[in-house]
Amino acid sequence: MARVESDSSSGCSNVLSLDSIRESLIRQEDTIIFSLIERAKFSLNSPAFEESRCLDSGNSSSLTEFFVREIETIQAKVGRYENPEENPFFLKNIPHSVFPTHKYPPALHPKALSVNINKRIWDVYFKELLPLFVKPGDDGNYPSTAASDLACLQALSRRIHYGKFVAEVKFRDDPQDYEPAIRAQDREALMKLLTFEKVEEMVKKRVQKKAETFGQEVKCITDSGDESKKKYKVDPLLVSRIYGEWLIPLTKLVEVEYLLRRLD
Ligand SMILES: C=C(O[C@@H]1C=C(C(=O)O)C=C[C@H]1O)C(=O)O
């Protein structure tokens, strides 16, 4: 997490800077790309997330949904959701941790920190993203597939909800610019204020390069072969597109949703 410093006078804390938050987003790119590479080992395996085959008659979840619900409950019991970076997909009433928890310094505005767009992320991931980067088909390996899906979903959700921290820092850096748009609840003006196109272009280029590096076939003998024939575990251009068309827009959506509540 980006380092947070306490400011005892306001009872809140100062998230250090946009730079430290961007650094965290850069590190999260590695996690996201590796999780996509891991998921690409398996076929689409759509019955795991589309069909309810639960043998417990009172439960109509898909295998993947059941798995995520159960794991989230266990993770809550060891304090995962005490961390303001983590947002559950299903838990409405988060079970208390059964262990002493770390006290994270309050970095976000209390009335805005509950922004959670995981339902949207779930739909986007299974309906739009997954079919783009995994091979079609069904190899029956649903438990491993569900575990890989959870790793992707949590990495994507963390990145997208990091928009709350980004928005908080941007607001604190320029309250005089943001306050009128927040009072007017003007989404468009907020979107304009928080957008940095140059940064977005850099992010897209960097993740393409990372996907080339992390997903290349590594050989012991270097062939002087044709670059255009290089094979990657996940298409680097697709990773860049996933960022440009989904991850960045959803992060900005979280930023806007957070800011709309920032003066409540
Ligand atoms: C996250 C930020 O806010 C916006 C979203 C970006 C992203 O999701 O990568 C990049 C630039 C901004 O348009 C940021 O400024 O770093």
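Anything mentioned here points back to the structure above.
Here's what I pulled together on the structure shown here. What you see is a predicted model; the values in this text were computed from it and never measured.

The next point concerns the nonpolar core. Leu36, Tyr125, Leu130, Phe133, Val239, Ile242 and Tyr243 are the most contacted members of the largest nonpolar core, which totals 41 residues. Among the secondary structure elements, those contributing two or more residues to this core are helix H1 (18-39), helix H4 (118-133), helix H5 (142-161), helix H9 (197-214) and helix H10 (236-260). If you look at the next biggest cluster of nonpolar residues, it comprises 21 residues, including Val169, Phe171, Tyr178 and Tyr258.

Around the ligand lies a shell of 15 residues, among which Arg22, Arg159, Lys170, Phe196 and Glu200 are the nearest. Taking Phe196, its main chain carries an N or O atom lying 2.8 Å from an oxygen atom of the ligand. In this structure, Glu200 approaches the ligand through a side-chain N or O atom, which is 2.5 Å from an oxygen atom. Isolated, the ligand exposes 360 Å² of accessible area, and the fraction of that covered by the protein chains is 99%. Among the secondary structure elements, those contributing two or more residues to the shell around the ligand are H1, helix H6 (163-173), H9 and H10. Among the residues making up the shell around the ligand, the classes are represented as seven nonpolar, two polar and six charged.

The subject of this paragraph is empty space enclosed by the protein. On inspection of all chains with the given rule, the structure shows three cavities of 30 Å³ or more. In this model, the largest cavity occupies a volume close to 50 Å³. If you trace the largest cavity, you find it lined by Glu72, Arg80, Tyr81, Glu85, Glu86, Asn87, Phe89, Gln154, Ser157 and Arg158. At three residues, H5 tops the list of elements feeding residues into the lining of the largest cavity.

Burial analysis of H6 places nine of its eleven residues in the buried class, the great majority of the element. Within H6, the full set of buried residues consists of Gly163, Lys164, Phe165, Val166, Ala167, Glu168, Val169, Lys170 and Phe171.

The subject of this paragraph is the packing of aromatic side chains. This model, assessed by the stated rule, comprises seven aromatic pairs. Relative to Phe214, the ring of Phe34 has its centre 4.5 Å away and its plane inclined at 15°; by these criteria the two rings are stacked. Of this pair, Phe34 sits in helix H1 while Phe214 sits in helix H9, placing them 180 residues apart in sequence. Members of the aromatic cluster, connected to one another through ring pairs, are Phe49, Phe89, Phe90, Trp122, Tyr125 and Phe126.

Another aspect to go through is unusual backbone geometry. The phi dihedral of Asn45 falls on the positive side, at around 55°, and the residue is not glycine. By secondary structure assignment, the location of Asn45 is in the loop between H1 and helix H2 (47-50). According to the relative accessible area criterion, Asn45 is buried, its value standing at 0%. In this structure, Gln185 is a non-glycine residue whose phi angle is positive, near 50°. Within the element layout of this structure, Gln185 appears in the loop between helix H7 (175-183) and helix H8 (187-194).

With respect to the element layout, His109 can be found in the loop between helix H3 (63-77) and H4. Discounting residues that sit within four places of it in the chain, His109 has contacts with Glu168, Tyr258, Arg261, Arg262 and Asp264.

Between two packed helices, what matters for the description is the angle formed by their axes and the separation of those axes. Interhelical geometry of H6 versus H10 gives an angle of 55° and a closest axis separation of 8 Å. For the element pair H6 / H10, the angle class is oblique. Remark: the crossing between H6 and H10 carries right-handed chirality. Contacts from Gly163, Lys164, Val166, Ala167, Glu168, Lys170 and Phe171 in H6 reach Thr251, Val254, Glu255, Tyr258 and Leu259 in H10. Partitioned by chemical class, the residues of the contact of H6 with H10 number six nonpolar, two polar and four charged.

A word on the environment of Gln208. Relative to the elements of secondary structure, Gln208 occurs in helix H9. It is 9.6 Å that separates the C-alpha atoms of Gln208 and Ile33, two residues lying 175 residues apart in sequence. Filtering out sequence-adjacent residues up to four positions away, Gln208 remains in contact with Pro236, Leu237 and Ser240.

About the criteria used
Residues numbered from 1 in each chain as written. Predicted model: local features only at pLDDT ≥ 70, side-chain atom pairs only at ≥ 80, totals over all residues. Heavy atoms only, no water. Core = buried A, V, L, I, M, F, W, Y, C linked by side-chain atoms within 4.5 Å. Buried < 20%, exposed > 50% of the residue type's maximum accessible area, 1.4 Å probe, protein only. Helix = DSSP H or I, 4+ residues; strand = E, 2+ residues; numbered from the N terminus. Near = heavy atom within 4 Å. Polar contact = N/O pair within 3.5 Å; in protein donor to acceptor, adjacent residues only side chain to side chain. Areas by Shrake-Rupley, 256 points an atom, 1.4 Å probe, with all protein chains shown as cover. Nonpolar A, V, L, I, M, F, W, Y, C, P; charged D, E, K, R; others polar. 1 Å grid on protein atoms, 1.4 Å probe; cavity = no way out; pocket = protein on both sides within 12 Å on 5 of 7 lines; lining within 4 Å. Points joined across faces, edges and corners; volume = space filled by probe spheres on them. Phe/Tyr/Trp six-rings, centres within 6.5 Å; stacked < 30°, edge-to-face > 60°. Contact = heavy atoms within 4.5 Å. Axes fitted to C-alpha atoms, helices over the stretch in contact; angles between N-to-C directions. Parallel < 35°, antiparallel > 145°, perpendicular 65-115°, else oblique. Left-handed = near helix turned anticlockwise from the far one by under 90°.

That's the geometry; what it means functionally is another story.
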